[in-house]
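Understanding the architecture of this molecule
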Amino acid sequence: MTQRSLRQSTLPRPAVLEERPAGAGESAEPAAPATGPSGLLGLAAARFERARGRRWFWPVLLLAGYAAEVLFRLVLVRHLSFPSVHPDEDSYLVLARVLAGRSSTEMPVGVVIPGGYPLLISPAFRIAGDPVTAYHLIMVINALLNALVFPLAQLALRRLGLRRLPAYVFAGVTALLPPVIFYSEFVMSDAVLPVLVLAWLLCLHGWLGDGPVGRRSWYAAGAGATAAYSMATHDRGGVVVALTGLLLLGVLVLRRAEWRTALIGLGTLGVGAAGAKALAWWLEAQFTVEPSDVGGFLWEGLTDPDKTGMTLTRTAGQIWYFIVSTWGVGGLAVVGCLFALFSGRFPRPHRIVGGVLVALLVGTALASAAALPDDGRIDDWVYARYLSLLVPAAFAVGAAVLCRSRRRGLGYAVAATVALTLLLGKIVVWSAGSALTTKLFIGWALPDVTFLAADWTRLNIMRSSAAAFVILGAVVLLLVAGGRRVVWAVGLSLALFAGFATATIAEQVSHPHANYRKPLATGFTKASGVKSTDNVVFAWDVDGGLRNAQAFEVYQGRVWYRDPRWQPVPAEATVLVTPPAPEGRAADGYWPEHPAEWYVAKVNRAQGWAIWRKR
């Protein structure tokens with residue numbers, strides 16, 4: 001969270017604004033479509049009814065759904081074999097390499113970032129003997145981890161009052177959402193953070209709910225552990241740890257839960273946080289760069305009067321993007337949680353965890369808005385990535401609002417969501433002004449809203465908002481008109497649309513982005529003749545993407561960043577990469593005072609590099 005390069009029990013029932021009576025509305029199991037007993041559909045429905053009464057049916061169906069989610073993710077990344085998001089991916093790969101016991105190399109991002117996610121993908125480096133195989137294995141690990149959103153969302157929806165079939169279908173929608181899958185297509189911590197946050201909220205609710213002390217103790221320990229590992233995974237996890245500590249201490253002081261369970265949660269949180277710090281200290285000792293200074297950037301962004309306006313606008317922009325990227329359903333969750341927080345109609349655990357969800361949303365948006373620098377990019381104002389960790393949790397809560405609210409309550413919730421979204425969008429437009437059209441547009445940073453606007457070349461806040469409202473409005477109208485009989489059909493339609501949206505974004509954003517980066521990744525490796533066993537020095541004025549990618553491509557050797565004209569070249573270096581000499585000068589004109597053992601072996605002016613080797 002210090003640099004843009006780094007960007008790189010259950011959920012609360014509060015979202016149920018006004019619950020329908022038991023036996024009415026969506027609280028009952030949706031009936032199978034009636035097509036007549038003689039029809040094929042009727043026969044299939046009858047067999048389904050018989051099968052789902054068996055004890056093995058739902059576990060097998062859940063496992064099949066998880067397998068399908070994993071397979072879908074693997075299909076999306078089947079052509080990817082190298083890092084393309086610089087320097088984020090490169091830095092996570094370097095950390096995973098070191099954690100796997102391989103040689104150290106240059107840290108592309110310039111600071112040591114948290115190592116929790118690299119620890120999870122480090123087995124790929126122990127198995128693979130080349131960078132392509134390692135990258136493919138990491139994509140498999142990402143898919144296995146990211147697809148865990150599906151069973152966790154199904155559990156959350158069941159706890160929120162949905163019956164098994166609609167919970168299963170809407171869990172599928174949640175796990176197929178573009179913001180959930182998009183970042184798992186790259187080596188980035190956001191592949192696992194949404195899973196950790198969803199598990200954390202489930203544990204918090206289980207701890208605060210009813211049940212034996214032993215079971216609630218396990219939930220408390222789970223909440224502390226997932227919070228601590230979130231902090232070990234990314235700086236945003238610091239907000240999770242802070243909220244967990246405050247909640248555990250508050251409940252302990254106010255005696256709102258068994259004191260032993262709160263102490264267990266605090267103990268687990270403390271041990272986990274200490275472990276995260278120990279991992280960070282160990283990694284810092286492996287590199288010569290400085291540790292990340294998150295607190296310094298955050299404090300400056302919050303206290304500097306010249307930056308306060310930008311910080312608040314960015315906060316509004318991130319929340320706007322979050323709501324629109326979930327087609328307004330995330331907004332329903334926010335409205336529902338706030339309503340329940342101040343309402344006595346809901347159990348205390350639902351109210352507390354609903355408040356925690358909203359607090360994490362606002363706290364993460366504010367902290368990241370304050371800490372991120374102004375990079376001259378349009379997405380400085382509506383940054384997408386940092387709130388993606390809450391998309392599965394919020395969508396599950398919003399789905400419960402859709403399926404379980406009475407018509408009047410749902411109407412109020414939708415109206416409040418639309419008003420909030422438009423207000424946030426207008427704040428960004430008014431404050432950012434011409435910056436939304438004149439600054440640098442990067443499609444990779446704005447995938448969801450460009451899909452909604454059907455325009456991959458620019459940001460259109462109002463058009464994207466309108467598209468999200470159309471989707472939300474269509475879902476609401478179908479549910480109001482059809483009631484419980486169409487819940488499963490609406491969920492299935494949303495799942496198909498989510499899969500289509502995710503696949504389209506991969507085709508229009510992920511794949512072109514990777515293809516654009518390919519010449520400076522594997523393309524450079526082939527053209528230059530640099531081997532994975534070489535020890536390579538890159539001059540600082542070589543293209544940054546090329547430098548960063550080779551920290552991974554040079555798999556057995558290592559990489560340094562040095563300017564040979566004024567910095568000493570390491571004695572163990574075997575290759576030096578510099579820009580070509582100026583036109584009209586000798587091939588070695590870039591470094592005229594080079595030692596005699598170094599010579600120019602190859603030059604590529606089109607890509608802007610020259611290869612030097614030792615004699």
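Attention in this report is confined to the structure presented alongside it.

Looking now at the sheet that holds strand β5 (residues 575–578). Strand order in the open sheet formed by 5 strands is β4-β3-β5-β7-β6, and the pairing between neighbours is mixed. Strand pairing shows two members of the sheet lacking a second neighbour, β4 (558–561) and β6 (598–604), which therefore form its edges. This sheet shows a mean twist of 25° between the axes of neighbouring strands, independent of strand direction. Where β5 lies against strand β7 (residues 609–614), 4 bridges are found, and the strand directions are antiparallel. By the bridge assignment, Thr578 is partnered in β7 with Ala610. Across the sheet, helix α25 (residues 544–553) touches β3 (535–538), β4 and β7, and the angle it forms with β4 is around 150°.

Compared with an ideal rise of 1.5 Å per residue, which puts 13 residues at 18 Å, helix α8 (residues 164–176) spans 18 Å between its outermost C-alpha atoms and is within 8% of the ideal. Across the 13 residues that make up α8, a large majority, 12, are buried. Regarding α8, the residues found buried are Leu165, Pro166, Ala167, Tyr168, Val169, Phe170, Ala171, Gly172, Val173, Thr174, Ala175 and Leu176.

Before going further, it helps to spend a moment on the nonpolar core. Core analysis: the biggest nonpolar cluster contains 198 residues, and Trp200, Leu201, Trp207 and Leu390 have the highest contact counts within it. Looking at this core, the element that brings in the most residues is helix α10 (residues 193–208), giving 13 residues.

The subject of this paragraph is the environment of Trp456. With respect to the secondary-structure elements, Trp456 resides in the loop between α21 (447–453) and α22 (461–482). Sequence spacing of Trp456 and Gly443 is 13 residues, and the spatial spacing of their C-alpha atoms is 6.6 Å. Dropping the residues within four chain positions of it, Trp456 is found in contact with Phe441, Pro447, Thr450, Phe451, Thr504, Ile505, Gln508 and Val509.

A few words now on the packing of aromatic side chains. How two aromatic rings sit relative to each other is given by the distance of their centres and the angle of their planes. Counted under the stated rule, the structure contains 27 aromatic pairs. Taking 6.3 Å as the distance between ring centres and 85° as the angle between the ring planes, the aromatic pair formed by Phe339 and Phe346 counts as edge-to-face. Residue Phe339 is classed as partly exposed on the basis of its relative accessible area, which comes to 36%. On the basis of relative accessible area, Phe346 is assigned to the buried category, the value being 5%.

A separate point is the packing of helix α7 (residues 149–159) against helix α18 (residues 391–404). At a minimum axis separation of 10 Å, α7 and α18 run at an interaxial angle of 35°. The crossing of α7 and α18 is right-handed. When α7 is examined against α18, the residues Val149, Ala156 and Leu157 are found in contact with a partner set consisting of Pro392, Ala396, Ala399 and Ala400. Classifying every residue of the contact of α7 with α18 by side-chain character gives 7 nonpolar, no polar and no charged.

Calculation rules
- Residue positions are given per chain, counting from 1 as you read along its sequence in written order.
- Restriction of local features to residues with pLDDT of at least 70 applies here, the model being predicted, together with a cutoff of 80 or more for giving and counting side-chain atom pairs; totals for whole chains, interfaces and linings are based on all residues.
- To obtain the side-chain values, all non-hydrogen atoms of the structure were used and water was disregarded.
- Strands are treated as partners if at least two bridges between them are detected by DSSP.
- Each helix is a run of H or I in the DSSP string that is no shorter than four residues. Each strand is a run of E no shorter than two, and both are numbered from the N terminus.
- Simply put, an axis is a line fit to the C-alpha atoms, just over the touching stretch for a helix, and the angle between two N-to-C directions goes from 0 to 180 degrees.
- Between two residues, a contact is recorded if the distance between any of their heavy atoms is within 4.5 Å.
- To estimate how far a helix should extend, the number of its residues minus one is multiplied by 1.5 Å.
- When accessible area is computed with a 1.4 Å probe and restricted to protein chains, residues below 20% of their type maximum are described as buried, those above 50% as exposed, and intermediate ones as partly exposed.
- Put simply, buried Ala, Val, Leu, Ile, Met, Phe, Trp, Tyr and Cys residues joined by side-chain atoms within 4.5 Å make one nonpolar core.
- When two rings of Phe, Tyr or Trp (its six-membered ring) have centres within 6.5 Å they constitute a pair, described as stacked for plane angles under 30 degrees, edge-to-face for angles over 60, and tilted for the intermediate range.
- Note on convention: near helix rotated counterclockwise from far helix by under a right angle means a left-handed crossing. Clockwise means right-handed.
- Nonpolar residues are Ala, Val, Leu, Ile, Met, Phe, Trp, Tyr, Cys and Pro. Charged residues are Asp, Glu, Lys and Arg, and all others, Gly as well, are polar.

Just geometry here; none of it tells us what the structure is for.
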